[in-house]
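# Survey of secondary and tertiary structure
For reference, the chains in residue letters:
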Amino acid sequence: QVQLVESGGGLVQVGGSLRLSCAASGRTFSSYTMGWFRQAPGKEREFVAAIRGSGGNTYYADSVKGRFTISRDSAKNTVYLQMNSLKPEDTAAYYCAAAPPYYSDSNYYTAIVYNYWGQGTQVTVSS
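Since the model is a prediction, treat every value here as computed from it, not as a measurement.

### Thoughts on the overall build of the chain
A tally of regular secondary structure across the chain gives zero helices and eleven strands. What you see for the chain is a C-alpha radius of gyration of 13 Å, in line with the 14 Å of a compact globule of 127 residues. Counting only C-alpha atoms and orienting by the principal axes, one finds that the chain spans roughly 40 × 25 × 25 Å. Every one of the 127 residues in the chain was classed for burial, and the buried ones make up 45%. In the chain, 59% of the contacts between residues at least 6 apart in sequence involve partners at least 24 apart. Carbon and sulfur atoms form 47% of the exposed surface of the chain, whose accessible area is close to 6300 Å². Across the chain, the centroid of the 11 positively charged side chains sits 5 Å from that of the 8 negatively charged ones.

Right, dumping it as structure tokens:
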């Protein structure tokens with residue numbers, strides 16, 4: 001059974017940092033593109049960041065560029081999201097997802113190509 005399990009969420013003050021982890025099990029995702037999405041109450045799920053298999057190309061939403069860093073450890077089947085300089089608007093449930101490697105770069109900004117999803121971890125940034 002394929003599972004993506006997120007961890008590392010919590011409550012942090014404005015300007016603080018958190019590192020989210022997503023541990024995959026049930027299959028190897030080394031060739032898959034791994035992504036992070038988020039969803040705030042009353043809003044649609046939005047793309048945050050993604051990383052190609054083998055830790056190649058990375059992609060970021062403009063709203064997090066320069067503050068968030070996505071990385072992966074293929075040996076551990078784990079992907080990370082380092083979040084710095086957090087803002088109240090970063091408050092959301094964060095979801096890890098995996099997509100097959102055969103899409104073009106632009107497709108990985110959209111949720112529809114991701115066919116495995118975690119249950120989410122809550123990040124709350126307090127002012």
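### Details of the pairing of strand β3 (residues 18-25)
Judged from the five bridges that link them, strand β1 (residues 3-7) and β3 form a sheet pairing that is antiparallel. If you follow Leu4 over to β3, its bridge partner there is Ala24. Here β3 runs beside strand β8 (residues 78-83); their pairing, made up of six bridges, is antiparallel. Residue pairing in the sheet places Leu18 in a bridge with Met83 of β8.

### Description of the sheet that holds β3
Read across the sheet, four strands follow the order β1-β3-β8-β7 without closing on themselves; strand pairing throughout is antiparallel. For this open sheet the edge positions go to β1 and β7 (68-73), each flanked by a neighbour on one side alone. Neighbouring strand axes in the sheet, compared pairwise and without regard to direction, differ in orientation by 15° on average.

### Some remarks on the pattern of salt bridges
Counted according to the given criterion, the structure contains five salt bridges. Measuring nitrogen to oxygen at the nearest pair gives 2.6 Å for the salt bridge that ties Glu46 to Arg38. For Glu46, a relative accessible area of 36% puts it in the partly exposed group. Between Arg38 and Asp90 there is a salt bridge, with the nearest N and O atoms lying 2.9 Å from each other.

### Remarks on unusual backbone geometry
The residue Asn77 is not glycine, and still its phi comes out positive at about 55°. Inspection of the secondary structure puts Asn77 in the loop between β7 and β8. Phi angles above zero are rare outside glycine, and Ser85 is one such case at about 50°. Along the chain, Ser85 falls in the loop between β8 and β9 (92-99).

### Quick notes on the nonpolar core
Residues Met34, Trp36, Leu81, Met83, Tyr94 and Tyr114 are the most contacted members of the largest nonpolar core, which totals 38 residues. Looking at this core, the elements with two or more residues in it are β3, β4 (33-39), β5 (46-51), β6 (58-60), β7, β8, β9 and β11 (121-126). Looking at this core, the element that brings in the most residues is β9, giving six residues. Contact partners of Tyr94, with chain neighbours within four places excluded, come to Glu6, Leu20, Trp36, Phe37, Arg38, Val48, Phe68, Leu81, Met83, Gly120, Thr121 and Val123.

How each quantity is defined
- Residues numbered from 1 in each chain as written.
- Predicted model: local features only at pLDDT ≥ 70, side-chain atom pairs only at ≥ 80, totals over all residues.
- Heavy atoms only, no water.
- Helix = DSSP H or I, 4+ residues; strand = E, 2+ residues; numbered from the N terminus.
- Rg over C-alpha atoms; globule rule 2.2 N^0.38 Å.
- Buried < 20%, exposed > 50% of the residue type's maximum accessible area, 1.4 Å probe, protein only.
- Contact = heavy atoms within 4.5 Å.
- Areas by Shrake-Rupley, 256 points an atom, 1.4 Å probe, with all protein chains shown as cover.
- Lys, Arg positive; Asp, Glu negative; His and termini not counted.
- Charge placed at Lys NZ, Arg CZ, Asp CG, Glu CD.
- Pairing = 2+ DSSP bridges.
- Axes fitted to C-alpha atoms, helices over the stretch in contact; angles between N-to-C directions.
- Salt bridge = Lys/Arg side-chain N within 4 Å of Asp/Glu carboxyl O.
- Core = buried A, V, L, I, M, F, W, Y, C linked by side-chain atoms within 4.5 Å.

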